[in-house]
Amino acid sequence: MGQAEQRSVVEYPDIFGAIMSDDLEAVEAMLAADPQRATRHGGRSPILLAAYRHRRDALAALLRRNPPLDVFEAAATGATDTLRGHLVAQPEAAQAYSEDGLTALHLAAFFGHAEAARELIAHGAPPGALAHNDSEQTPLHLAVVGGHDEVVSVLLERGAPVDAQEQGGVAPLHTAARRGNVGLVQLLLMHGARLDLETDAGKTAADLAYEFEHDELAASLRRAKM
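Residues numbered from 1 in each chain as written. Predicted model: local features only at pLDDT ≥ 70, side-chain atom pairs only at ≥ 80, totals over all residues. Heavy atoms only, no water.

**With respect to the overall build of the protein chain**
Right, so step 1: Looking only at helices and strands, the protein chain has 15 helices and zero strands in total.
Right, so step 2: Expressed along its principal axes, the backbone C-alpha trace of the protein chain runs to roughly 70 × 40 × 25 Å.
Right, so step 3: For the protein chain, the proportion of its 226 residues judged to be buried stands at 47%.
Right, so step 4: A separation of at least 24 residues holds for 62% of the contacts in the protein chain among residues at least 6 apart in sequence.
Right, so step 5: Of the roughly 10800 Å² of accessible surface on the protein chain, a fraction of 49% belongs to carbon and sulfur atoms.
Right, so step 6: Placing the 19 positive and 32 negative side-chain charges of the protein chain at their respective mean positions leaves the two points 2 Å apart. (Helix = DSSP H or I, 4+ residues; strand = E, 2+ residues; numbered from the N terminus. Buried < 20%, exposed > 50% of the residue type's maximum accessible area, 1.4 Å probe, protein only. Contact = heavy atoms within 4.5 Å. Areas by Shrake-Rupley, 256 points an atom, 1.4 Å probe, with all protein chains shown as cover. Lys, Arg positive; Asp, Glu negative; His and termini not counted. Charge placed at Lys NZ, Arg CZ, Asp CG, Glu CD.)

What follows is the structure, given as structure tokens:
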């Protein structure tokens, strides 16, 4: 066992700790010693962890080992060919939920993979699927959070409910306005998003834009509401 591997084993009981700590050297050492560490084990996926934590270098290192990707990992990383293979072999995978309470379409939307989103919807993934967790988010909510214009367009064109409200009564337009994303605000309005829709706290999109100091957008939204 090399010195680098000794150090990583001592510091981290498994590769998940190295990913969480953003220790690329340890991740590389562990994978060099055993490429199988890139695969899902113990019910956990190092690939999804690296993706969620925005550990891009670690994710690249994991994917270089060409591990077998499940439907959720394929959606999250935009591996469309692998994703298609899963969906052809197991059509029910398009509507399956991960341990996190998300469908593969949620993951494709959050990470901005428009082609994967198209593939999933073509194989029966519901564009308006609710997360099976406390967030109650749809794929559209997550695409807006990620600022992924193309995925938002794909979802809206394929029937995603534009005014779906997640926990707290937050609709996609509220999130786009709060973040000051003018392009997404316009796109959502083009697809019929309601300007008068309020969160559970009684805030409209214009209120949130103003609260987060996007004054020009707030003024534009208020004018449009008149």
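**Considering the packing of aromatic side chains**
Right, so step 1: All told, the structure shown has two aromatic pairs when counted by the stated rule.
Right, so step 2: When the ring of Tyr52 is compared with that of Phe111, the centres are 5.9 Å apart and the planes differ by 45°; the resulting orientation is tilted. You can see Tyr52 sitting in helix H4 (residues 46-52) and its partner Phe111 sitting in the loop between helix H8 (104-110) and helix H9 (114-122), a full 59 residues away along the chain.
Right, so step 3: A centroid spacing of 4.9 Å and a plane angle of 70° characterise the contact between Phe110 and Phe111, whose relative ring orientation is edge-to-face.
Right, so step 4: Phe110 sits in the partly exposed class, given a relative accessible area of 22%.
Right, so step 5: Three or more aromatic residues link up through ring pairs in this structure, and these residues are Tyr52, Phe110 and Phe111. (Phe/Tyr/Trp six-rings, centres within 6.5 Å; stacked < 30°, edge-to-face > 60°.)

**Regarding helix H7 (residues 80-89)**
Right, so step 1: Among all positions of H7, only Thr80, Leu83 and Leu87 are buried. Buried residues along H7 cover an arc of 60° about the axis, so they all sit on one side. Away from its buried face, by an angle of more than 90 degrees, H7 presents the exposed residues Asp81, Val88 and Ala89.
Right, so step 2: At its buried positions, H7 is contacted by helix H6 (71-77) and H9. (Arc of directions from axis to C-beta.)

**A few points about the nonpolar core**
Right, so step 1: Core analysis: the largest hydrophobic core is formed by 70 residues, its most contacted members being Leu120, Val152, Leu155, Leu188 and Leu221.
Right, so step 2: Those residues in contact with Leu120 that sit more than four places away from it in its chain are Ala75, Leu83, Leu87, Ala94, Ala104, Leu105, Ala108 and Ala125. (Core = buried A, V, L, I, M, F, W, Y, C linked by side-chain atoms within 4.5 Å.)

**Some thoughts on the confidence of the model for the protein chain**
Right, so step 1: Taken as a whole, the protein chain shows an average pLDDT of 95; of its residues, 95% reach a score of 70 or greater.
Right, so step 2: In this model, residues 1-10 is a region of pLDDT below 50 whose contacts with residues beyond four sequence positions or in other chains number 13 contacts. (pLDDT = per-residue confidence, 0-100.)

**With respect to the environment of Val170**
Right, so step 1: Mapping Val170 onto the fold places it in the loop between helix H11 (149-157) and helix H12 (172-178).
Right, so step 2: Take Val170: its relative accessible area is 22%, and that puts it in the partly exposed class.
Right, so step 3: Ignoring any residue separated from it by four or fewer positions in sequence, one finds Val170 in contact with His141, Ala164, Gln165, Thr175 and Thr199.

**Overview of the side chain of Thr175**
Right, so step 1: Inspection of the secondary structure assignment puts Thr175 in helix H12.
Right, so step 2: Taking relative accessible area as the criterion, Thr175 reaches 4% and is therefore assigned buried.
Right, so step 3: Not counting residues up to four positions away in its chain, the partners in contact with Thr175 are Val144, Val145, Glu166 and Val170.

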